Amino acid sequence: KVHEIKKVAVHKFTVGDAEDPDLYAAEPLIQWRDSEMGQWVMEKAVDTPEWHRFLDHTTYGYQYTVIAKLKDVDYTFWALKWGSK
């Protein structure tokens with residue numbers, strides 16, 4: 001059976017201005033991974049989810065986004081259960 005693969009931003013959070021923002025991002029990433037949604041995404045994702053860091057010019061901090069690739073049926077479940085959060 002053929003499935004469409006969707007790239008989804010499954011989690012976003014910010015880190016303030018820091019010398020090593022990735023070090024400060026570790027705790028929120030681990031908390032997300034250990035949450036109900038994080039465990040479900042880690043199990044259902046086609047590949048290991050990736051995180052990306054972006055400079056937030058308004059706060060001089062950093063915006064982190066976790067991106068997962070999900071099959072269309074899994075994306076539908078994710079969108080219904082967690083998509084509005």
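Residues numbered from 1 in each chain as written. Predicted model: local features only at pLDDT ≥ 70, side-chain atom pairs only at ≥ 80, totals over all residues. Heavy atoms only, no water.

1. Observations regarding the overall build of the protein
Heads up, the condition is: Note on conventions: DSSP H or I runs of at least 4 residues are helices, E runs of at least 2 residues are strands, and numbering of each starts at the N terminus. Exposed residues in this analysis have more than 50% of their type's maximum accessible area, buried residues have under 20%, and partly exposed residues fall in between, with area computed by a 1.4 Å probe over protein chains only. In short, Shrake-Rupley with a 1.4 Å probe defines the accessible areas, and a residue's cover is counted only from the protein chains shown. None of His or the chain ends enter the tally, which takes Lys and Arg as positive and Asp and Glu as negative. For this purpose, a charge sits on NZ of Lys, CZ of Arg, CG of Asp or CD of Glu.
Across its full length, the protein holds 3 helices and 3 strands. Along the protein, helices and strands appear, N-terminal first, in the series β-α-α-β-β-α. A principal-axis box enclosing the C-alpha atoms of the protein has dimensions of 45 × 25 × 20 Å. Per-residue burial over the protein gives 32% buried out of 85 residues. Here the protein has roughly 6,000 Å² of accessible surface; of this, 51% comes from carbon and sulfur atoms. For the protein, the distance from the average position of its 11 positive side-chain charges to the average position of its 14 negative side-chain charges is 10 Å.

2. Some words on the packing of aromatic side chains
What counts is decided by this rule: Aromatic rings from Phe, Tyr and Trp, with only the six-membered ring used for Trp, were paired whenever their centres fell within 6.5 Å, and each pair was classed as stacked if the ring planes differed by under 30 degrees, edge-to-face if by over 60, and tilted otherwise.
Tallied over the full model, the rule gives 6 aromatic pairs. When the ring of Phe13 is compared with that of Tyr64, the centres are 5.2 Å apart and the planes differ by 5 degrees; the resulting orientation is stacked. A residue pair is termed long-range when its members are at least 10 positions apart, and Phe13 in strand β1 (residues 5–15) and Tyr64 in strand β3 (residues 61–71) qualify at 51 residues. Across the pair, Tyr64 and Phe13 agree in class, each one buried. Judged by centre distance (6.1 Å) and plane angle (80 degrees), the rings of Phe77 and Trp82 are edge-to-face. For Phe77, a relative accessible area of 39% gives the class partly exposed. Of the aromatic side chains, those joined through ring pairs into one cluster are Phe13, Trp51 and Tyr64.

3. Considerations on helix α2 (residues 36–44)
Which entries qualify depends on this criterion: Here the arc refers to the directions that run from the helix axis out to each C-beta atom. Every residue pair with non-hydrogen atoms within 4.5 Å of one another is taken to be in contact.
Those residues of α2 not exposed but buried are Met37, Gly38, Trp40 and Val41. Axial view of α2: buried residues confined to an arc of 165 degrees, hence all on one face. Exposed and facing more than 90 degrees away from the buried side of α2 are Glu36 and Glu43. Elements in contact with the buried residues of α2: β1, α1 (21–34), β3 and α3 (72–81).

4. Things to note about the sheet that holds strand β2 (residues 50–56)
Our working definition: In this analysis, strands are considered paired if DSSP registers two or more bridges between them. Lines fitted to C-alpha atoms define the axes here, with helix axes fitted over just the stretch in contact, and angles between the N-to-C directions of these axes take values from 0 to 180 degrees.
The sheet built from 3 strands is open, its strands ordered β1-β3-β2 with antiparallel pairing. Edge strands, defined here as strands with exactly one partner in the open sheet, are β1 and β2. For this sheet, the mean inter-axis angle between neighbouring strands, taken without regard to orientation, is 25 degrees. Sheet topology places β1 next to β3; 10 bridges connect them, and they run antiparallel. Counterpart to His11 in the pairing with β3 is Val66. Contacts from α1 reach β1, β2 and β3 within the one sheet, and its direction differs from that of β1 by about 120 degrees.

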